[in-house]
Amino acid sequence: MDYQTPAFVELLDGAALRRDLTALAHAETNEAKRRKAALVHVKYAFQNARRQATTRIENGSLPGIVAARAISSIHDALIQVLYDFATKHFYYAQNPTESERLAIVATGGYGRGLLAPFSDLDLLFLRPFKQTAWGESVIEFILLMLWDLGLKVGHATRSLAECTRLARDDMTIRTSLLETRIVWGEAPLAAELRKDYFAEIAGANGRDFVEAKLAERDERHRKQGESRYLVEPNVKEGKGGLRDLQTLYWMGKYLYRVEDPADLVEFGVFRREEHTTFRAAEVFLWNVRCQLHCAAGRAQERLTFDLQPELARRLGFTDDNPRRAVERFMRAYFLVAKDVGDLTRIFCAALEAQNRKPVPAQGLPGPAHAPDDDFFVENGRLNAREDVFARDPVKLIRIFHIANARSLDVHPGALRTIIRSLDLIDDELRADRTANRLFLEILTSRHDSERALRRMNEAGVLGRFVPAFGHAVALMQFNMYHHYTVDEHLIRAVGILAAIERGEFKEDCPLATDLAGRVRSRESLYCAVLLHDIAKGGKGSHSEAGAALALSLCPRFGLSRADTATTAWLVRNHLVMSDTAQRRDIADPGTIRNFVAAVQSPELLRLLFVLTVADIRAVGPGVWNGWKGQLLCDLYHEADAVMSGGSAAPAQAERIAAARDSLSRRLVDWPDQARVDALSHHQDNYWLAFDEVQLERHARLRVRARERRDGIALDAAEDALRSISEISICTPDRAGLFAMLAGAIAARGGSIVEAKAFTTGDGFALDVFTVQDHEGKPFVEPRRIARLHQTIAEAMQGDSLARPTIAYGSGKRRREAFQVAPRVSFDNDASAVATVVEVEGADRAGLLFDIARAMFEQHLSISSAIVTTYGARAVDVFYVRDEFGRRISDPARLAEIGSRLSDVL
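Residues numbered from 1 in each chain as written. Predicted model: local features only at pLDDT ≥ 70, side-chain atom pairs only at ≥ 80, totals over all residues. Heavy atoms only, no water.

## Observations regarding the packing of aromatic side chains
Rules: The criterion for an aromatic pair is that two Phe, Tyr or Trp rings (for Trp, the six-membered ring) have centres within 6.5 Å, with stacked assigned to planes under 30 degrees apart, edge-to-face to planes over 60 apart and tilted to the rest. Only protein chains enter the calculation, and the probe is 1.4 Å; a residue is then buried if its accessible area is under 20% of its type maximum, exposed if over 50%, and partly exposed in between. Criterion for a charge above a ring: Arg CZ or Lys NZ at most 6 Å from the ring centre, at most 35 degrees from the ring normal.
According to the stated counting rule, one finds 22 aromatic pairs in the structure shown. Residues Y686 and W687 carry aromatic rings whose centres are separated by 5.3 Å and whose planes lie at 75° to one another, so their mutual orientation is edge-to-face. The pair Y686 / W687 is uniform in exposure class, with both members buried. An aromatic cluster of at least three residues, connected via ring pairs, comprises F85, F90, Y91 and F141. Across from the ring centre of F141, 5.9 Å away, lies the NZ or CZ of R35, which sits over that ring. The positively charged end of R617 is found above the aromatic ring belonging to F505, 4.1 Å away from the centroid.

## A short note on the sheet that holds strand β4 (residues 181–185)
We apply this condition: When DSSP finds two or more bridges between two strands, those strands count as paired. In this description a helix means any DSSP run of H or I spanning at least four residues, a strand means any run of E spanning at least two, and both kinds are numbered starting from the N terminus. To obtain an axis, a line is fitted to C-alpha atoms, over the contacting stretch when the element is a helix, and the angle between two such axes runs from 0 to 180 degrees between their N-to-C directions. By definition in these notes, contact holds between two residues if any of their heavy atoms fall within 4.5 Å.
If you walk across this open sheet you meet the 4 strands as β3-β2-β1-β4, and the pairing is mixed. Where the open sheet ends on each side, the last strands, each with one partner, are β3 (153–159) and β4. Put simply, the sheet's adjacent strands are angled 25° from each other on average, direction ignored. Here strand β1 (residues 103–106) pairs with β4 via 4 bridges, running antiparallel. Considered in β4, the bridge of A103 is made with G185. Where helix α6 (residues 160–169) meets the sheet, it contacts β2 (121–127) and β3, and its direction lies at approximately 110° from that of β3.

## So, the confidence of the model for the protein chain
The predicted coordinates should not be examined in detail at positions where pLDDT is low. The following threshold applies: Along the chain, pLDDT gives the predictor's confidence residue by residue, from 0 to 100.
On average, residues of the protein chain score 86 in pLDDT, and 92% of them reach the 70 mark or higher. Scored below 50 in pLDDT, residues 1–7 makes 20 contacts in the model with residues more than four places away or belonging to other chains. Here residues 363–372 is modelled with pLDDT under 50, and outside its nearest four sequence neighbours on either side it reaches 16 contacts, counting other chains as well.

## Concerning helix α32 (residues 672–680)
Residues separated by three or four positions in an α-helix point in the same direction, a consequence of the helix having 3.6 residues per turn. Operational definition: In this context, the arc is that of the directions from the helix axis out to the C-beta atoms.
Three or more residues of α32 are buried, namely R675, A678 and L679. Mapping the buried residues of α32 onto a view down its axis gives an arc of 95°, with all of them on the same face.

## As for the pattern of salt bridges
To keep things clear, this is the line we draw: For this document, the term salt bridge refers to a Lys or Arg side-chain nitrogen within 4 Å of an Asp or Glu carboxyl oxygen.
Per the counting criterion, the structure on display carries 69 salt bridges. R584 is the partner of E838 in a salt bridge, and the nearest nitrogen-oxygen pair spans 3.0 Å. Of this pair, E838 sits in strand β13 (residues 835–842) while R584 sits in the loop between α27 (576–583) and α28 (589–599), and the two are 254 residues apart along the sequence. Assigned by exposure class, E838 and R584 land together as buried.

So this is what it looks like as structure tokens:
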């Protein structure tokens, strides 16, 4: 349905309700009882109308924007009835004075006549002069009734003069008064307010209003996460959402006094096809918003993972695979959000041309017209003659190359022409050597390649020029790990690589900056970063498919055969370093040996390290942390030392001896025999796993454990750089101890990201857990640690491994939206002394306890555990031995263990 048609769906019969309340008023003389009875009657009618609206929204018979008008009309009828009831049966003015006039005016979204199912009401009680007792009583009566009905009401009571004065000084009030609509009462008062507003407030050039609204939009985007391609977007406030469309309409109405966005065509702000895009975007977003409110049963504006499958179903996105249905729905959403961004740029350029918005400070000023040039600078942006691309399609790439080289944005007028010329990007242009050279120079530019690629993508050029990238445009991965669509992730990764080269991450990852300056194949690195996830969403391994694409694309871009092979290798292996660092014990020589065998050369190691850092950082805010950075750095240094022939690193025996000597020096306050004792009770792998500060802490912890009556000593140290706490627990060893400790930490709200377990020669166990809270912050408050100590002590007094009461985090519902297939695998080649068990399944609080308990029941001893979560997917790796301290090699035994762990998952 065309949203311009003032579709009226009457769900609340105001006339009938008014008659019923009149009859009730005549029957009941007691005011308190009359009001109470009226509330019951009104509540029934109102809730029935609301229920009809939501039912019809849910079954699809009431489209979003029509539903929004219908819900607005329900509230109109309600307020009209309440006003009449108050003024006729409670506060009747026999001979009203000039001051006893009142207009109830809707503002904001309600002023537009559009309300989502659970939106707030914004009301202005407008009086001509000062407040009177009569007006105060009527307003109080109406507000109390609305609140008793469970409505949230934003309200103000002002005179005409106050409205004008406040609108002049306060931009928020000025905006709310821009969209006023009389609901009931004195219509001439509302008309006078509108007349005064446009005569005294909106009568000037309007540049201050435009600047304020754009600044407000930018701040709103910053709070919402900057990108319009967030995988859990805010439909109302997010970039590309309804508020962005409303902002355009506010500016248009303020400047041109239009009542309908269609009227902006007459003022040269939009073309007709752009207004059609505006209308389609508004209709789509209102459909999503109304269904979102109904699905959540409240004023929910963020399209969270747990609601996306239901929204996809309601909006008609179906597929045999529910995950693909969600991804199709979200792709449609992101394409609409992109349209909103295009409209914003076009709108702002039109305002600049009409001198109603300041020209951006960027770029160099240029002539409005230069007939001898295909490209020229206009209002600080690069523009193009309308026939340039038809004459020379290569210039569809060249315009972005020039804009990048001169640090200019592309003019919206040129973008319009580019979008209409996309059919010119054919196989001939894709094969053109000049076009490919220009593209490679854009990709590897030191002038903000991220911005250039994003403009190419938003214009549709990047997806046409590199069709494989086109498949990734607006493609959402339905999981909690990735924050952005695939194309946005790839473009951000390129931007982060450039930032690494510029030294912007030198403080928290200096190694990446150093290595980025030392790589010999810079073009291969940039191509690999752009292509590493390009095959996501297809069948099979995206790494293998992406490598095949790299082999075909890189020669086209102009890379040599050697650089093409390097790029393909990086794409194929782009997860190897992060998987090894986060899912294997890098203190185990077998881990390093296998990693070096996979990487093979120092140059590939450097390239892979920088690619891995850029990839993780581009996943989303908070994904990169110091802990991951340290793991990658440690892995790099160990592998580099082996690749250097071993001369840069001492032999394992020498490293163990050096660790013992260092600890001995740090324990100078101990008697000689105590120092000898501290150095003699650990196996070799312990000395390779920690630095000298940790070794000292453990030694002193062991002494405390021996002195305490309960035998339990606990130490917590915060590592702010890695955003973790290291909790070391020393206690007499016993069967099932690791599971017991993991359960205690989960019970106290801790999330374990890594764990190592050691036993000493005198019967003690040292378990070291790397822990965060459910918000990804260090778990180190003294009160929490004291409670953890108490929980451990209580657990150790029991004889069984009873599952503790688990403290769940806030993301439980979101995690439950995903299905993760359980998987258990074994590796007897990764370590010389232990079997590596990799367990993958849906993450949940207490999962590590459940797995560890199952291993205890299978008579396995855990020497090390590495716990990694990718959103809703947990990948836990355990180094285990049997009851005799050996690796498990018997196939039947491995099958039995695998079956038990699968049951746990």
